[in-house]
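Summary of the model geometry
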Amino acid sequence: MRQSVGKVAVGSRVVIGLLASLAAFAMVAQAAGAKDQPIPRLVRQDGRYALMVDDAPYLVLGAEVNNSSGWPAMLPKVWPAIEYMHANTVEIPVYWEQFEAKKGEYDYSLVDTILSEARAHQLRLILLWFATWKNGNAHYMPEWMKREPDVYTHVIDENGHPVDSPSPFSAASLDADSKAFAALMAHLKTVDPQRTVIMMQVENEPGVYGTQRDYSPAAQKLFSSAVPADVLKAMNVSAAGSPDWKHAFGGEAEVNFHSWAVARYIGQVAAAGKAAYPLPMFSNAALRDPMTPGPAGTYESGGATDNVLSIWKVAAPAIDILGPDDYQTDTAAYVKVLDLYHRDDNPIYLPETGGSPRFLFFALGRGAIGFSPFGIDYTKTLDIPDLARPKDEFLVPWARVGTKEFVAPFVPLYSLLAPMARDVARLNFEGKLQAIAEEPGKVTQVLHFGDWDATVSYGIWARRGRPVGNPQPMGGVLIAKLSDHEFLVAGFYCRVDFKPTAADLHKQFLRVEEGTYQNGVFKFLRLLNGDQNDGGLDFNSVPLVLRVSVGTY
Ligand code: DGJ
């Protein structure tokens, strides 16, 4: 059906409309035959979160396509990359300019194509609603809106000039966005009883660059009024005297105000969508420097940066997750971002990421429900001169996205985790799993599991060798305690050994099973012993999963 629509001659609006209705009819008919699965939801237990999909914890092994790859003509260049990577979930945009090219008329054909092709590839989807905001701009607003800047207004800077960013105070934009998003969600409710779509991203890296806030008359009026009590409380500022924004927040007033305004707007869009169909929803944020944040004005203002998470939580309660787009390549900085967003009121999800694949272990160690590297498809041919190539392990996304070479480093890790993803998500939710990755300058790390400690060492090249670290940090491992004396261990480029915490006891391996996950179930392959684990459990470049029983003497 999609191809038929594409082949219709330009100008045949009636035929296109007819074919689009037939496509929608086919989706609804298909949906009518599909079994209704429970709606995906986030649950919290003992301070940990799970994304429940088909009523069980789900780990998003995600892959985000390039910005312009969500078009039917591009999808043949998407699926092979996803398959090669072993991702289980694709993050793919839905473009407002396509969805509502004519005011008030919604075109579901693109989203229907994405749904049916994802199902054919047995993949789940996270749809990215590129609407009022995309990286601080309004470039995905439909043309009919762009042509009316006086109605769908821009941010006004301190000097009274319009900025290339939408105003969060435009009631007309909010109304149009909310209606369109609600229509999209209502459609998904009808055509997706099998829950191919598991979460929604509302907008993309919202906020503004070049000015800290909107100075339009509507904004000025609110900026000099009392700060809402819930915002003051969330930011631990005394409500005495009902201070206006400047008095309440001083040098942070501008960024706090714009964040509140953007969050309030996006919260309303999300709420309108949830009223139609309550999938979990998140907002992704362009970050401040996590190690040495510069002053307001040096980063995108208005998005869910680490300093305004509490404002976002009160202003946008319909947004379930504030997710950092973590592109830090330095290990300490990457981990710092995770720690800043790892809060009681916020599940850890990385809507976009770059850096080293091993960083996923750090995220799992903080209970992450998922992780999604950006730029995964084959829409680009390699065009980087050799001399410009980075020489270390790190992936520089902007240069290499859209190529097989860019996807390749994720393949071992995703192929290890994909078949066991449900177990990993469940064990993490139950608080039984810990995960860690190699940090520069640290050759061993210790994880504590009650009566047992697990020592993870990097760069041991002999049975009784000493750890010297890998030539560059590349190791990582997850360890889950299955019972008092049983562990599940999976990882790369490290050695793991266990030690009883009681000083007078020594460890012995009772049984070390190498296995493989098939359809989510651990299948025994062989017992490892002798050269294979006399020195400890060795993990290298090949995905390896072990079930280990330990005892004492
Ligand atoms: C972050 C944005 O959220 C993505 O959509 C994309 O623009 C990347 N940056 C860089 O290309």
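Residues numbered from 1 in each chain as written. Predicted model: local features only at pLDDT ≥ 70, side-chain atom pairs only at ≥ 80, totals over all residues. Heavy atoms only, no water.

Moving on, we come to the overall build of the protein. Helix and strand counts for the protein come out as 18 helices and 23 strands. For 553 residues, the compact-globule formula gives about 24 Å, and the C-alpha radius of gyration of the protein, at 25 Å, lands near that figure. In terms of overall dimensions, the protein has C-alpha extents of about 80 × 65 × 50 Å along its principal axes. Looking at the protein as a whole, 55% of its 553 residues qualify as buried. Pairs at least 24 apart in sequence give 72% of the contacts found in the protein among residues at least 6 apart. The positive charge centre, built from 50 side chains, and the negative charge centre, built from 61, are 4 Å apart in the protein. (Helix = DSSP H or I, 4+ residues; strand = E, 2+ residues; numbered from the N terminus. Rg over C-alpha atoms; globule rule 2.2 N^0.38 Å. Buried < 20%, exposed > 50% of the residue type's maximum accessible area, 1.4 Å probe, protein only. Contact = heavy atoms within 4.5 Å. Lys, Arg positive; Asp, Glu negative; His and termini not counted. Charge placed at Lys NZ, Arg CZ, Asp CG, Glu CD.)

Within the element layout of this structure, T298 appears in the loop between β10 (281-285) and α12 (309-315). Residue class for T298 comes out exposed when judged on its relative accessible area of 53%. Remark: the alpha-carbon pair of T298 and A332, spanning 34 residues in sequence, is separated by 21 Å. For T298, the side chain forms a polar contact with the main-chain oxygen of P295, separated by 2.6 Å. (Polar contact = N/O pair within 3.5 Å; in protein donor to acceptor, adjacent residues only side chain to side chain.)

Right, let's talk about the sheet that holds strand β1 (residues 41-45) for a bit. Pairing is antiparallel across the open sheet formed by three strands, whose spatial order is β1-β2-β3. In the strand order of this sheet, the two ends are held by β1 and β3 (56-58), each with one partner. The sheet shows a mean angle of 55° between the axes of neighbouring strands, taken without regard to direction. The sheet strands contacting helix α18 (residues 421-429) are β1, β2 (48-53) and β3, and the helix crosses β3 at an angle near 105°. (Pairing = 2+ DSSP bridges. Axes fitted to C-alpha atoms, helices over the stretch in contact; angles between N-to-C directions.)

Turning our attention to α18. The element α18 is extensively covered by neighbouring structure, given that seven of its nine residues are classed as buried. When we look at burial in α18, the residues that qualify are A421, D423, V424, A425, L427, N428 and F429. Following α18 by one or two positions, G431 adopts a phi angle in the positive range, close to 80°.

Tracing the backbone through its elements, the reader meets M74 in the loop between β4 (60-64) and α3 (79-85). When the C-alpha positions of M74 and D377 are compared, they lie 9.1 Å apart, and in sequence the two are 303 residues distant. What M74 contacts, discounting residues up to four positions off in sequence, is S68, S69 and T379.

Take the packing of helix α7 (residues 171-191) against helix α11 (residues 253-276) next. Closest axis-to-axis distance for the α7/α11 pair is 7 Å, and the angle between their directions is 30°. Between α7 and α11, the angle falls in the class roughly parallel. At the point where α7 passes α11, the crossing takes the right-handed sense. Each of S173, L174, D177, S178, F181, A182, M185, A186 and K189 in α7 lies in contact with α11, whose residues at this interface are Y265, Q268, V269, A270, A272, G273 and A276. Counted by class, the contact of α7 with α11 contains 10 nonpolar, four polar and two charged residues. (Parallel < 35°, antiparallel > 145°, perpendicular 65-115°, else oblique. Left-handed = near helix turned anticlockwise from the far one by under 90°. Nonpolar A, V, L, I, M, F, W, Y, C, P; charged D, E, K, R; others polar.)

In this section: the sheet that holds strand β21 (residues 521-527). In any sheet, the strands associate via hydrogen bonds between backbone groups, in a parallel or an antiparallel arrangement. Pairing is antiparallel across the open sheet formed by six strands, whose spatial order is β14-β17-β18-β23-β20-β21. Looking along the sheet, the strands with just one partner apiece sit at the ends: β14 (433-437) and β21. In this sheet, neighbouring strand axes are inclined to one another by 30° on average, regardless of whether the strands run parallel or antiparallel. Summarising the sheet, strand β20 (residues 507-518) and β21 pair through six bridges and their orientation is antiparallel. What sits directly across from Y517, in β21, is F522.

Moving on, we get to the confidence of the model for the protein. Of the residues in the protein, 91% reach a pLDDT of 70 or more, and the chain-wide mean stands at 92. Confidence drops under pLDDT 50 across residues 1-19; counting only partners more than four residues distant or on other chains, this segment forms 14 contacts. (pLDDT = per-residue confidence, 0-100.)

Right, let's get into the pattern of salt bridges. Inspection of every chain in the model, using the stated rule, returns 25 salt bridges. Measuring nitrogen to oxygen at the nearest pair gives 2.9 Å for the salt bridge that ties D345 to R343. A relative accessible area of 33% means that D345 is categorised as partly exposed. A salt bridge links K507 to D497, with the nearest nitrogen and oxygen atoms 2.8 Å apart. Placement of K507 in strand β20 and of D497 in strand β19 (residues 494-500) is noted, with a sequence separation of 10 residues between them. (Salt bridge = Lys/Arg side-chain N within 4 Å of Asp/Glu carboxyl O.)

Let us look at unusual backbone geometry. The phi dihedral of D46 is positive, around 50°, even though this residue is not glycine. Looking at the secondary structure, you find D46 in the loop between β1 and β2.

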